[in-house]
Amino acid sequence: MGNDLFLRALREEPVTRLPVWVMRQAGRYLPEYRATKEKAGGFLNLCRTPDLAVEVTIQPLRRLGVDAAILFSDIMVPLLPAVPGLTFAPGPKLPRAVTSADGLAPPEAVDEVEFVYETVRMLRRELDVPLIGFAGTPATVATYLAEGGSAKHFTAFRKLLHVAPGQAHTLLAWLEGLTLRYLRRQVEAGAQAVQIFDSWGGELSSHDFETFCAPGLRRIVAALREMGVPVIFFARGPLRDVGATAYGVDWTHDLAAARRRGPVQGNLDPAVLFGTPEQVVAAVREMAAPVAGTGYVVNLGHGIWPETPLECAQAFVETAQSVPVPTE
Ligand code: CP3
């Protein structure tokens, strides 16, 4: 592998410049992604066909020159064997809400998404930057399960915690088993780092997060770190300790304060990419200057939006890669 800046930054080893990648970097803001998806006949076909999943994983590397690749898939893909009828439109859509683990296939069913592990193995043969594997957290996945898909306000899962706490615990325990097994498989296939997306856990109170989520997350993170891979925990909202190698934080955080707690990733508001390229350059420099050095991975504070102008995504990456880094 030629470029290991991303892994070096996570290990807090000296870096010659800052590594950068973009959450949701393979996606609809790229015309070549839209063309490949069209050819494939939809998003799920892209995920299920390793040749095409490899192709769309690599597209943002060619276009932007980012320092890490992220497996092309979705947080709901490991649920396909256990939840018949799950589709994307473009967000997840289920035939019915799932609020209990009763009647679901055992977590080992996740072995059936062999196309994911094959995509990882194929990518490792092609890439000269590190490959990130990923999954959603049990709570974030449960949020979509309990709604039966995407919703404007995600209230069904938060209600479930109080209407049927025992059932919520068993659903989360089932997801913990599935998520850990799925991520282990990705690491065994060659993923060199793992990011866990907790897009909606920040909606929970500290008390509910501690009661329902934190113990399982700490077990998942510890087991993966035991395998020797760095684990990035990305959350919207509060920065909550789950024993991760690094934390991905959104734009509501003071980056320097987050960095003092350990290695950090983020945190430009994706909306900034709708300004002019000059504004993007200024914003990236201002964001990165206080934390420039190892232990920092430049990224957005959440996924890039589908309508983002390409020249602004390019300005984001180029500027990140030119920020001066103090020599140690
Ligand atoms: O490039 C990458 O980052 C890899 C691919 C990736 C996708 N989804 C592909 C995708 C990753 C890492 C995800 C994670 C994901 N999926 C999250 C966590 C990150 C976050 O944004 O909070 C969540 C909550 C989901 C659930 C999901 N999947 C939603 C809400 C949607 C629809 C809206 C949207 O954001 O696109 C999807 C569909 C999806 N997942 C698409 C892609 C490229 C769009 C599908 C299409 O092209 O038709």
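All figures in this text were calculated on a predicted structure; none of them were measured in a lab.

Considerations on unusual backbone geometry
Okay, so step 1: P90 follows A89 through a cis peptide bond whose omega is -10 degrees.
Okay, so step 2: Within the secondary structure, P90 is located in the loop between β2 (87-88) and β3 (92-93).
Okay, so step 3: The amide bond that connects G266 to the next residue, N267, takes the cis arrangement and shows omega of -10 degrees.
Okay, so step 4: For N267, the position within the fold is in strand β8 (residues 264-268).
Okay, so step 5: The phi torsion at E12 lies on the positive side, around 60 degrees, for a residue other than glycine.
Okay, so step 6: When you line up the elements, E12 lands in the loop between α1 (5-10) and α2 (31-40).
Okay, so step 7: Among the residues examined, E12 registers a relative accessible area of 42% and is labelled partly exposed.

Re α2
Okay, so step 1: By the burial criterion, the buried members of α2 are Y33, T36 and A40. All buried residues of α2 lie within an arc of 65 degrees about the axis, which places them on one face of the element. Exposed residues lying more than 90 degrees from the buried face of α2 are E38 and K39.
Okay, so step 2: Where α2 is buried, its residues contact α3 (43-48) and α4 (50-64).
Okay, so step 3: Following α2 by one or two positions, G41 adopts a phi angle in the positive range, close to 80 degrees.

A look at the side chain of N299
Okay, so step 1: Counting through the fold element by element, N299 comes out in strand β9 (residues 296-300).
Okay, so step 2: You can call N299 buried: its relative accessible area is 0%.
Okay, so step 3: Of the polar contacts made by the side chain of N299, one reaches the backbone nitrogen of M23; its length is 2.9 Å.
Okay, so step 4: The contacts of N299, once residues within four sequence positions are left out, are W21, V22, M23, Q265, G266, N267, L268, M287 and F316.

Details of the sheet that holds strand β4 (residues 131-136)
What holds strands together in a sheet is hydrogen bonding between their backbones, with the strands either parallel or antiparallel.
Okay, so step 1: Strand order in the open sheet formed by 7 strands is β1-β4-β5-β6-β7-β8-β9, with parallel pairing between adjacent strands. The sheet is open, and its two borders are formed by β1 (69-70) and β9, each paired with just one other strand.
Okay, so step 2: The pairing of strand β7 (residues 246-249) with β8 spans 3 bridges and is classified as parallel. Bridge assignment links G248 to a residue of β8, and that residue is Q265.
Okay, so step 3: Against the sheet, helix α8 (residues 165-189) makes contact with β4 and β5 (193-198), and its axis sits at roughly 170 degrees relative to β4, the strand it touches most.

Notes on the site of the ligand
Okay, so step 1: Lining the immediate environment of the ligand, one finds 21 residues, of which R28, Y33, K37, S199 and H302 sit closest.
Okay, so step 2: R24 is positioned with one of its side-chain polar atoms (N or O) 2.9 Å from an oxygen atom of the ligand.
Okay, so step 3: The side chain of D74 places a nitrogen or oxygen atom 2.6 Å from a nitrogen atom of the ligand.
Okay, so step 4: Contact with the protein chains covers 89% of the free accessible surface of the ligand, which is 860 Å².
Okay, so step 5: Residues belonging to the shell around the ligand are distributed by class as follows: 12 nonpolar, 5 polar and 4 charged.

Side note on the environment of T143
Okay, so step 1: Among the structural elements, T143 can be located in helix α6 (residues 138-147).
Okay, so step 2: In this structure T143 comes out as buried when scored by relative accessible area, which is 5%.
Okay, so step 3: Considered as a pair, T143 and V98 are 45 residues apart in the sequence and their alpha carbons are 9.6 Å apart.
Okay, so step 4: Residues within four places of T143 in sequence aside, it is in contact with F154, F157 and W200.

Observations concerning the pattern of salt bridges
Okay, so step 1: Taken as a whole and judged by the stated rule, the model has 15 salt bridges.
Okay, so step 2: The partner of R11 in a salt bridge is E13, and the shortest N-O contact between them spans 2.9 Å.
Okay, so step 3: Across the pair R259 and E12 runs a salt bridge, and its minimum N-O distance is 2.9 Å. Here E12 lies in the loop between α1 and α2 and R259 lies in helix α10 (residues 255-260), a separation of 247 residues in the sequence.
Okay, so step 4: Linked by salt bridges that have partners in common, D111, R181, R185 and E188 make up one network.

Parameters and conventions
- Residues numbered from 1 in each chain as written.
- Predicted model: local features only at pLDDT ≥ 70, side-chain atom pairs only at ≥ 80, totals over all residues.
- Heavy atoms only, no water.
- Helix = DSSP H or I, 4+ residues; strand = E, 2+ residues; numbered from the N terminus.
- Buried < 20%, exposed > 50% of the residue type's maximum accessible area, 1.4 Å probe, protein only.
- Arc of directions from axis to C-beta.
- Contact = heavy atoms within 4.5 Å.
- Polar contact = N/O pair within 3.5 Å; in protein donor to acceptor, adjacent residues only side chain to side chain.
- Pairing = 2+ DSSP bridges.
- Axes fitted to C-alpha atoms, helices over the stretch in contact; angles between N-to-C directions.
- Near = heavy atom within 4 Å.
- Areas by Shrake-Rupley, 256 points an atom, 1.4 Å probe, with all protein chains shown as cover.
- Nonpolar A, V, L, I, M, F, W, Y, C, P; charged D, E, K, R; others polar.
- Salt bridge = Lys/Arg side-chain N within 4 Å of Asp/Glu carboxyl O.

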